[in-house]
Amino acid sequence: MSASTSRPRDPRVSVVIPARNEARNLEIILPKLPPVYEVILVDGNSVDDTIATAQRLMPSIKVVQQTRKGKGNALTCGFEAVTGDVVVMFDADCSADPDEIPRFVDALVAGADVAKGTRYALGGGSDDITIVRSMGNRGLNMICNVLLGTRYSDLCYGYNAFWADALPKIGLLSSTLPKPTDGSMLWGDGFEIETILTCRWSAADLVISEVPSHEKLRVHGSSNLNAITDGIRVLKSIMHERRRAADAQARARMAPVTRAVPTAVPALDEEAA
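Position numbers for residues count from 1 along each chain, tracking the sequence in the order it is written. pLDDT decides what is reported in this predicted model: residues at 70 or higher carry local features, side-chain atom pairs at 80 or more are listed and counted, and totals for whole chains, interfaces and linings draw on all residues regardless. Where side-chain values are given, they derive from all heavy atoms of the structure, hydrogens and water being excluded.

1. Quick notes on the sheet that holds strand β7 (residues 160-163)
As summarised here, the arrangement of the seven strands in space is β3-β2-β1-β4-β7-β5-β8, forming an open sheet in which the pairing is mixed. Edge positions in the sheet fall to β3 (62-65) and β8 (208-212), since each of these pairs with one other strand and no more. In this sheet, neighbouring strand axes are inclined to one another by 20° on average, regardless of whether the strands run parallel or antiparallel. As judged from the six bridges shared by strand β1 (residues 13-19) and strand β2 (residues 38-43), these two strands associate in the parallel manner. What sits directly across from Val 16, in β2, is Ile 40. Any two residues whose heavy atoms approach within 4.5 Å are treated as being in contact. For every element, the axis is a line fit to its C-alpha atoms; helices are fit only across the contacting stretch, and the angle between N-to-C directions ranges from 0 to 180 degrees. Only DSSP runs of H or I reaching four residues or more are called helices, and only runs of E reaching two or more are called strands; each is numbered from the N terminus. Each of β1, β2 and β3 is contacted by helix α2 (residues 50-57), which is oriented at about 170° to β2, the strand it contacts most. Strand pairing is assigned whenever DSSP identifies at least 2 bridges connecting the two strands.

2. Some remarks on the pairing of strand β4 (residues 86-89)
Per-residue accessibility, obtained with a 1.4 Å probe over protein chains only, is compared with the maximum for each type, and a residue is labelled buried under 20%, exposed over 50%, and partly exposed between these values. Going residue by residue along β4, you find Val 86 and Val 88 tucked away on one face and Val 87 and Met 89 tucked away on the opposite face as well. Strand direction decides the pairing type here: β1 and β4, joined by four bridges, are parallel. From the neighbouring strand, Val 13 faces β4, where its bridge partner is Val 86. Where β4 and β7 come together, three bridges link them in antiparallel fashion. Paired with Val 87 across the strands is Phe 162, a residue of β7.

Purely geometric numbers; function is a separate question.
Structure representation (structure tokens):
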């Protein structure tokens, strides 16, 4: 699918920031954001003053409460609140460089449907990723490329941007679905969300442009990411998305073909009459 010609050359940018107990980091990062159309903070039931801090620093900020738990659900809640043309996924922990936002938007305006951040391209990098995590990421990345026929260099990186009109093609879980009664997360509500998005962008034949990005260190607090358990969820996501894409292709092949009934063409003597 090529980028829509009706998309604006100067898009309204919506920055979606999932946050849970990130008040001290928001103190640092919110003032550094470039001027954008809207900033949406998705609060994950913080027990610190995350919301108050955000509203003090940015009175115009739109605050949304996430409906379940997990980063995937938080992002979905934020996406559903977007009213701009472009969605930027932005972490609250100071690891994402706000100065890179125009780089992502430029890639979209140049013709991409999705601007996929990568730490492994020239100009990208990471101050945070360990050797073990990097090896795991590269392994998962290779599996995804082999199984899904993609060519990504950084499958699991969460700094991405895309046109808002691409959201219906992704088919994310609705924020209104009830929480599991056993306290678990619905599939797609966790850190596997970046993998799911990446796989579905590809399955939807969207035009994807990789954008070099440098990941910084988290400043305050500790990450909720667990390299082993979340790595397993990512691997399961790849397998799940492969089955999902195969099922969609099978349904498309089995769908009945509707043929238009040709209009009768009058004979030459009838036209002349």
